[in-house]
Amino acid sequence: MLARTQHTEAIQTYLREFPVVALLGARQVGKTTLARRIAADHDDVTVLDLEDPTDRERLRDPMLALRDLRGLVVIDEIQRAPDIFPVLRVLADRDPLPARFLVLGSASPDLLRQSSESLAGRIAFHELRPFGLQEVGAANWRTLWLRGGFPRSFLATSDAASERWLHAFVRTYLERDLPQLGVRVPGDTIRRFWTMLAHYHGQTWNGAELARAFGVSQSTVRHYLDILTATHTARRLEPWFENAAKRQVKSPKIYLADSGLVHHLLGIEGHDALAGHPKVGASFEGFAIEQVTACVRARPEQCYTWGLHSGAELDLLVVRSGRRLGFEIKRSSAPRATRSMRTALDVLGLDRLDVVYPGDDVFPLADRIRAVGIAAVPEALRSSAE
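Keep in mind that what you see is a predicted model, and the values were worked out from it rather than measured.

A.B. asks: Let's hear about the overall build of the protein chain: which residues, and what values?
C.D. replies: Secondary structure assignment for the protein chain yields 18 helices and 14 strands. Relative to the 2.2 N^0.38 estimate, which gives 21 Å for 386 residues, the radius of gyration of the protein chain is 22 Å and therefore close to what a compact globule would have. When the backbone C-alpha atoms are referred to their principal axes, the protein chain occupies close to 65 × 45 × 45 Å. Per-residue burial for the protein chain yields a buried fraction of 54% across its 386 residues.

A.B. asks: Lay out the side chain of S162 in plain terms, naming residues and giving numbers.
C.D. replies: Note that S162 resides in helix 10 (residues 159–180). Judged by its relative accessible area of 2%, S162 falls in the buried class. Setting aside anything within four residues of it in sequence, one finds S162 in contact with R147, S153 and A156.

A.B. asks: Kindly report on the packing of helix 11 (residues 187–199) against helix 13 (residues 218–230), identifying the contributing residues and their values.
C.D. replies: Where helix 11 contacts helix 13, the axes come no closer than 11 Å and their chain directions differ by 85°. Here helix 11 lies roughly perpendicular to helix 13, going by the angle between them. The residues of helix 13 that touch helix 11, namely those facing T189, I190, F193, W194 and L197, are V221, Y224, L225, I227 and L228. Class assignment for the residues of the contact of helix 11 with helix 13 results in 9 nonpolar, 1 polar and no charged.

A.B. asks: How would you explain the nonpolar core if you had to name every residue and give the values?
C.D. replies: Within the largest apolar cluster, 84 residues are counted, with the highest numbers of intra-cluster contacts made by L102, F193, W194, L197 and I374. Look past the residues within four positions of I374 in its chain and what remains in contact with it is L133, W141, F284, F287, A288, Q291, V356, Y357, P358 and G359. Formed by 24 residues, the second largest nonpolar core is a distinct cluster that contains L24, I78, F85 and L119.

A.B. asks: Describe the sheet that holds strand 1 (residues 20–24), naming the residues involved and giving the relevant values.
C.D. replies: Taken in spatial order, the 5 strands of this open sheet run 2-3-4-1-5, and their pairing is parallel. Two strands lie at the open edges of the sheet, namely strand 2 (45–49) and strand 5 (123–127), each paired on one side alone. The sheet shows a mean angle of 15° between the axes of neighbouring strands, direction not considered. Note: strand 1 against strand 4 (residues 99–105), 5 bridges, orientation parallel. In the sheet register, A22 faces strand 4, and the bridge partner there is V103. Strand contacts of helix 1 (residues 5–17): strand 1, strand 3 (71–76), strand 4 and strand 5, with the helix running at about 175° to strand 5, the strand carrying the most contacts.

A.B. asks: Describe the sheet that holds strand 14 (residues 369–373), listing the residues and the values that go with them.
C.D. replies: Taking strand neighbours across the sheet as the criterion, the 6 strands line up as 9-10-11-12-14-13 in an open arrangement whose pairing is mixed. Edge positions in the open sheet fall to strand 9 (303–307) and strand 13 (362–366), since each of these has one partner strand only. Mean inter-strand twist for the sheet, computed between neighbouring axes without regard to direction, equals 30°. Lying over the sheet, helix 17 (residues 339–348) contacts strand 9, strand 10 (313–320), strand 11 (323–329), strand 12 (352–357), strand 13 and strand 14, oriented at roughly 145° with respect to strand 12.

Definitions and cut-offs
Residues numbered from 1 in each chain as written. Predicted model: local features only at pLDDT ≥ 70, side-chain atom pairs only at ≥ 80, totals over all residues. Heavy atoms only, no water. Helix = DSSP H or I, 4+ residues; strand = E, 2+ residues; numbered from the N terminus. Rg over C-alpha atoms; globule rule 2.2 N^0.38 Å. Buried < 20%, exposed > 50% of the residue type's maximum accessible area, 1.4 Å probe, protein only. Contact = heavy atoms within 4.5 Å. Axes fitted to C-alpha atoms, helices over the stretch in contact; angles between N-to-C directions. Parallel < 35°, antiparallel > 145°, perpendicular 65-115°, else oblique. Nonpolar A, V, L, I, M, F, W, Y, C, P; charged D, E, K, R; others polar. Core = buried A, V, L, I, M, F, W, Y, C linked by side-chain atoms within 4.5 Å. Pairing = 2+ DSSP bridges.

And the structure:
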């Protein structure tokens, strides 16, 4: 398995500063493997897995099970026992602190709410995303784009094996994972919505249109979207607006969180099929945004989309550390600066605007605008992550 040094360092830092750290992410994204690597650096470790019937029974009385433990305590699949959070609050307030807790979860709809209410000021959250360019190497970007970043999908022995893994993942997610997370919507319904969302990948959210197409109310399709975002299989890029003098788009853009899932749900198998598919541009856009946000280490609340009703738009705006960085994604071998980009530069006061394209080189397009090949993203954006 590839090293995930950036995530390991972040979690180790959090563990020094907080009594409880939550490692969240989609199922099969590698949380357990990462936790084992972190545990290997600690002398006194207890690992509890709530999918193991023995550990689940042991934690039936969580205070009794946890109060005497020392060192690092890892609790996997924490969403299966949300009543542990109030106990963790009590244990986190002990002085001196005999144990720190690393809890792993697939982010059930109630997980973040209960943990934030019970452990406010005592818990740090870290999201583990699928593999990115920094981990697999920029030279492998085409494979990463096609297969996505779930470890077993990317590392499969062939594209066909990757597709089979994605098929099994989707089935397990719908038939087992969602019911365990307390989701009461039938799996077939979520699959149809998920597939429909793959066709809307990269578009501005239009609840009314999706509701008509799905034959339900707008609140119902919003609920379905909330399920997918809460389980880290879809992402909502919120709009940025601050200038009341301009009519700005105030709806988010919607993406599936992994390009491999997009391709599986759209029935795209292989590079040739991807290159000729109508959604190839949207697929590359979502893939590039995931890589950019990972490379600059931007949290979700620091990432936005932006657009004016007059037509100017920006695919990604990152606002962090007093800087504003703009990113436009173009599936073109010869990107160029446009009026829309210059408008974004001026209206948003961007420090820089990068045009990410499917290539290897970095070169200037205009003042404060440069082209950045997707293979060059990790190196070109290194300073932006600091």
